Amino acid sequence: MRCVVVTAARATRNADDDGHTGGGAPTRADEPPAYADRPDVPPAYANRDGAPPADSPQPGAARSDGAPACADHAAPPHATRAADPLPRPVLRSAVELYLDLHAHPELSGHEHRTAGRLAARLTELGCTVTRSVGGGHGLVGVLVNGPGPVVLLRTELDALPVTEATGLPYASTVPGVMHACGHDLHIAAVAGAVALLAASRDTWRGTLLVVGQPEEETLNGARSLLEEGRLYERFGVPDAVLAQHAAPLPAGTLAHAPAGGPPLLAGSVAVEAVLHGRGGHAATPHLNVDPVLMAAATVLRLRTAAAEATAPAEQAVLTVGSVRAGERGNITPDRAELSLTARAFTEDALDRLTAAAERIVRAEAAASGAPRAPGFTVTARSPALAPDPELTARVRRAHERLLGPGRVLDLSGSSATEDFPHFAAGGVPVAYWMLGTTGAGPWRTARAGGDPVPPNHAPGFAPDVRAALPVGITALATAARQVLDPRPAGGRGTGS
């Protein structure tokens, strides 16, 4: 994901200072955190300030009156519920996988070790795994459990070029690389969900596809899997594709696109621009054409593009995320490179914004007397993400049964972008939701006017794993069960 996720307005009403989030009895800040007495979740996953990981009981926790969390919410007999404790081996394995992946992040296109760890875990769970799908490090795991619907669970593999500054004992060991977007959490949650489903094959029928997608951060991985890897041709067209994404919402909550609202995430266009100058000695600027000055003027002008190319009612953003030029202060280089991203909620707006950006780049180069026309290359494009309404409604109802309605929020119109919409090619229904990762302590501190919660892509991004991971596991498993056929009581699985 290439931008910060905007938090939902309802989140504030569901994380009040009394600690109540609507999914059970409130937990005071001076009480021990959920899972504090469980050996499968070590103390290392606690918030750095010692605050509890969430304001309400998590899957497996009990309410203060002794009843299971969400006991008042009826659920189908084959549904996973928050009242059902996660089996200790499932949770332990997911946590161990998360810690390992977080400490060993890999950049887009280099996800060999990450793919290997996920492939090994899926194989242990009985999946048939195919590696190198799409020419990169993509992988597909298949778990067949008799005739029935096909459900695809997608997780991303890549990390970001960010230097971690969390101070966590399991922080990145790779200089300049960090899982700053939560993909490690996504992988661990998918692995946990597959473990739950594999262990309960007598309750469902169908086929589970698990896709480990590389290069999501470059917006190239999904298309590579689908086109070069012929994903649907080789492994079957799914009846539903499901995914979730870490977001700076209260840990223990989920967020869906509201019915009838705008797309959940914006579409985007990624561009690489090259400005050409005439290099020389810094002491003779009259003999040079300075691409650094050209780049500076271009960046400032690009900041006006969204306002000039789109109507005030349209949501659009154009950001220059990287400027690269020169090596020494006494040398005028001969080129400068810009990386920029345009975001909007319609294809027409994206086209207008991209055209405006190209016009500005070329005009500034001409105004500076550039010896050559600039390069302007679109490197990736992804449409806006509009989850399937019917599938989303079914999944949301299941999540409300799982957690309680107060912990399932509305979220729409985020300018974050994803390449997940490509999985909807050919009309395949997709559902996508946000997974809250912010612990109670940081959330309350931010609401009280203290330090803001570090968002995705920030060096301090640190999901509250104890609260977020169990919810992420059960949210995925529960969503998958809404599509898979339930088996009658006493049915026997035929999985391979």
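A short tour of the structure in this document, coming up.

Quick notes on the rules
Residues numbered from 1 in each chain as written. Predicted model: local features only at pLDDT ≥ 70, side-chain atom pairs only at ≥ 80, totals over all residues. Heavy atoms only, no water. Helix = DSSP H or I, 4+ residues; strand = E, 2+ residues; numbered from the N terminus. Buried < 20%, exposed > 50% of the residue type's maximum accessible area, 1.4 Å probe, protein only. Contact = heavy atoms within 4.5 Å. Areas by Shrake-Rupley, 256 points an atom, 1.4 Å probe, with all protein chains shown as cover. Core = buried A, V, L, I, M, F, W, Y, C linked by side-chain atoms within 4.5 Å. Expected span 1.5 Å × (residues − 1). Arc of directions from axis to C-beta. Polar contact = N/O pair within 3.5 Å; in protein donor to acceptor, adjacent residues only side chain to side chain. Phe/Tyr/Trp six-rings, centres within 6.5 Å; stacked < 30°, edge-to-face > 60°. Pairing = 2+ DSSP bridges.

To continue, consider the overall build of the protein. When its secondary structure is counted, the protein shows 12 helices and 16 strands. Looking at the protein residue by residue over its 496 residues, the buried ones come to 55%. Expressed as a percentage of contacts within the protein between residues at least 6 apart in sequence, the contacts between residues at least 24 apart total 81%. For the protein, the accessible area works out to roughly 18,900 Å², and carbon and sulfur atoms hold 54% of it.

Ranked by internal contacts, the top residues of the largest apolar core, which has 65 residues, are V194, L242, W433 and L469. Looking at this core element by element, the count peaks at 12 residues for helix α4 (residues 183-198). Beyond its immediate sequence surroundings of up to four residues, L469 is in contact with A94, V95, L185, A188 and A189. The next biggest cluster of nonpolar side chains, apart from the first, holds 31 residues, and it includes V140, A243, L265 and F423.

Its 15 residues place the ends of helix α10 (residues 389-403) 21 Å apart at the C-alpha level, agreeing with the 21 Å of an ideal helix rising 1.5 Å per residue. Among the residues making up α10, those that are buried are L391, T392, V395, R396, A398, H399, L402 and L403. Down the axis, α10 shows its buried residues gathered within 165 degrees of arc, on one side only. For α10, the N-terminal cap is D388; the gap from its side-chain oxygen to the backbone nitrogen of E390 is 3.3 Å. In the stretch just after α10, G404 is the one whose phi turns positive, near 100 degrees.

Here we come to the packing of aromatic side chains. Under the counting rule described, the total for this entry stands at 3 aromatic pairs. Ring geometry for Y98 against Y170: centres 5.9 Å apart, planes inclined by 70 degrees, an arrangement best described as edge-to-face. Of this pair, Y98 sits in helix α2 (residues 88-103) while Y170 sits in the loop between β3 (150-156) and α4, placing them 72 residues apart in sequence. We note that Y98, like Y170, is buried. Arranged with centres 5.7 Å apart and planes meeting at 40 degrees, the rings of F420 and F423 form a pair that is tilted. Look at F423 and you get buried, because its relative accessible area is 0%. The rings of F420, F423 and Y432 are connected pair by pair, giving a single aromatic cluster.

Below, the discussion takes up the environment of A259. Here A259 is to be found in the loop between β6 (254-256) and β7 (265-276). A259 sits 133 residues away from T392 along the chain, and the two C-alpha atoms are 8.5 Å apart.

Tracing the backbone shows S268 in strand β7. Setting aside anything within four residues of it in sequence, one finds S268 in contact with L219, T341, A342, R343, L350, A380, R381, S382 and T417.

This brings us to the pairing of β7. Across the 12 residues of β7, 11 count as buried, placing the element largely inside the fold. The pairing of β7 with strand β14 (residues 414-417) spans 2 bridges and is parallel. By the bridge assignment for β14, A266 is matched with T417. Where β7 meets strand β11 (residues 335-344), 10 bridges bridge the pair, whose relative direction is antiparallel. From the neighbouring strand, E272 faces β11, where its bridge partner is S339. With 7 bridges connecting them, β7 and strand β12 (residues 375-382) associate as antiparallel partners. Counted as the bridge partner of A273 is F376 from β12.

Read these as layout, nothing more, since geometry by itself doesn't imply function.
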